[in-house]
Amino acid sequence: SAVISQKPSRDICQRGTSLTIQCQVDSQVTMMFWYRQQPGQSLTLIATANQGSEATYESGFVIDKFPISRPNLTFSTLTVSNLSPEDSSIYLCSVERAPTSGQFFGPGTRLTVL
Amino acid sequence: AQKVTQAQTEISVVEKEDVTLDCVYETRDTTYYLFWYKQPPSGELVFLIRRNSFDEQNEISGRYSWNFQKSTSSFNFTITASQVVDSAVYFCALTDNNAGNMLTFGGGTRLMVKP
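Remember, it's a predicted structure, so these values are computed and weren't measured experimentally.

Draft legend 1. Focus on the overall build of chain A. The helix and strand tally for chain A stands at zero helices and eleven strands. Structurally, chain A occupies a C-alpha span of about 40 × 25 × 20 Å along its principal axes. Out of the 114 residues belonging to chain A, those deemed buried represent 52%. Within chain A, contacts between residues at least 6 apart in sequence are counted, and of these 54% link residues at least 24 apart. Positive and negative side-chain charges of chain A, numbering 8 and 8 respectively, have mean locations separated by a distance of 7 Å.

Below, the structure is given as structure tokens:
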């Protein structure tokens, strides 16, 4: 397992602004991921955060809307840009120490857009 | 393509009852991995179990048990003598060697355990 923290834990933002979410892991991990969970829904993978290169985005998610940074093996940020009420969700980061070994999730960031 | 179906969207039981959460999956790969996660009201996702496709042994951990049946593509989760603290949303998930580490989640089952 891993100890994962996210900041902020929750935020309320105005339409048109941006929010940057931080994910910190207590030890180096190769794989980090960002998920979105819309109200009452399951989790959807946004992207894989790659250290030293551009993130790999899933279908329906683009870099302009969800820029991701991964400066080292313990830290990543996800920015949700040009916010609209439809972006109101829980955003979670996860890590995996080895492929298919199982992902461990951070506590999530609950975003409300007014 | 991968798919995970949790047909039960919501289950309500009374404390001390046993409850089984169903999970049916689809994958074309012969090597795949199944997971269960718990999401309590606080929102964090808690890892419960990982099972690979070559290990069909059922697993028991305290009040939790898992029944993996490849013949029916199911990986069901049973809580024995449920407690109020078991109230949460439970997600079943799947990945395989061709998924690029992508986890496919089921829609989740909301379990409510009443005192």
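Draft legend 2. Here's a closer look at the pattern of salt bridges. Here the structure, examined in full by the defined rule, presents four salt bridges over all chains. Here Asp87 of chain A and Lys65 of chain A are joined by a salt bridge, their closest N and O atoms 2.7 Å apart. Here the residue Asp87 of chain A occupies a position in the loop between β8 (75-80) and β9 (89-96), and Lys65 of chain A occupies one in the loop between β6 (56-57) and β7 (68-72), the gap between them amounting to 22 residues. Residues Asp87 of chain A and Lys65 of chain A agree in their burial class; the two are buried. Residues Arg63 of chain B and Asp86 of chain B are paired through a salt bridge, measuring 2.8 Å at the closest nitrogen-oxygen approach. With a gap of 23 residues between them, Arg63 of chain B in the loop between β7 (59-61) and β8 (64-69) and Asp86 of chain B in the loop between β9 (74-79) and β10 (88-96) connect regions that are remote in the sequence. Arg63 of chain B gets classed as partly exposed once you look at its relative accessible area, which sits at 24%.

Draft legend 3. Looking closely at the interface of chain A and chain B. At the interface, 21 residues of chain A touch 20 residues of chain B. Contact with chain B buries area across many residues of chain A, yet Ser42, Thr100 and Phe105 of chain A alone supply 33% of it, more than any other trio. Where chain A touches chain B, the interface holds zero salt bridges. For the interface between chain A and chain B, the tally reads four residue pairs in polar contact (both at pLDDT 80 or more). Counting only elements with at least two residues in the side of chain A that touches chain B, the list comes to β4 (31-37), β5 (43-49), β9 and β10 (104-105) of chain A. Among the elements that line the side of chain A that touches chain B, the one with the most residues is β4 of chain A, at four residues.

Draft legend 4. The arrangement of the pairing of strand β3 (residues 19-25) of chain A in detail. Residue and element names in this part refer to chain A. Side chains Leu19, Ile21, Cys23 and Val25 project from β3 onto a buried face, and the interleaved Thr20, Gln22 and Gln24 project onto a face without burial. Pairing geometry for strand β1 (residues 4-7) and β3, over four bridges, is antiparallel. Its bridge partner lying in β3, Lys7 is registered against Gln22. In this sheet, β8 lies alongside β3 in antiparallel orientation, the contact comprising six bridges. Bridge pairing in β8 links Gln24 to Phe75.

Draft legend 5. Quick look at the nonpolar core. Trp34, Ile46, Phe66, Ile68, Leu78 and Tyr91 of chain A are the most contacted members of the largest nonpolar core, which has 26 residues in total. At four residues, the largest contribution of residues to this core is made by β3 of chain A. The contacts of Phe66 of chain A, once residues within four sequence positions are left out, are Arg36, Ile46, Tyr57, Phe61, Leu78, Thr79, Val80 and Tyr91 of chain A. Within the second largest apolar cluster, 23 residues are counted, among which are Ile49, Phe68, Phe75 and Cys92 of chain B.

Draft legend 6. Representation of the side chain of Thr104 of chain B. Here Thr104 of chain B lies in strand β11 (residues 104-105). The contacts of Thr104 of chain B, once residues within four sequence positions are left out, are Gln2, Lys3, Val4, Cys92, Ala93 and Leu94 of chain B.

Conventions adopted
- Residues numbered from 1 in each chain as written.
- Chains lettered and ligands numbered in written order.
- Predicted model: local features only at pLDDT ≥ 70, side-chain atom pairs only at ≥ 80, totals over all residues.
- Heavy atoms only, no water.
- Helix = DSSP H or I, 4+ residues; strand = E, 2+ residues; numbered from the N terminus.
- Buried < 20%, exposed > 50% of the residue type's maximum accessible area, 1.4 Å probe, protein only.
- Contact = heavy atoms within 4.5 Å.
- Lys, Arg positive; Asp, Glu negative; His and termini not counted.
- Charge placed at Lys NZ, Arg CZ, Asp CG, Glu CD.
- Salt bridge = Lys/Arg side-chain N within 4 Å of Asp/Glu carboxyl O.
- Buried area = accessible area lost by both parts, 1.4 Å probe.
- Polar contact = N/O pair within 3.5 Å; in protein donor to acceptor, adjacent residues only side chain to side chain.
- Pairing = 2+ DSSP bridges.
- Core = buried A, V, L, I, M, F, W, Y, C linked by side-chain atoms within 4.5 Å.

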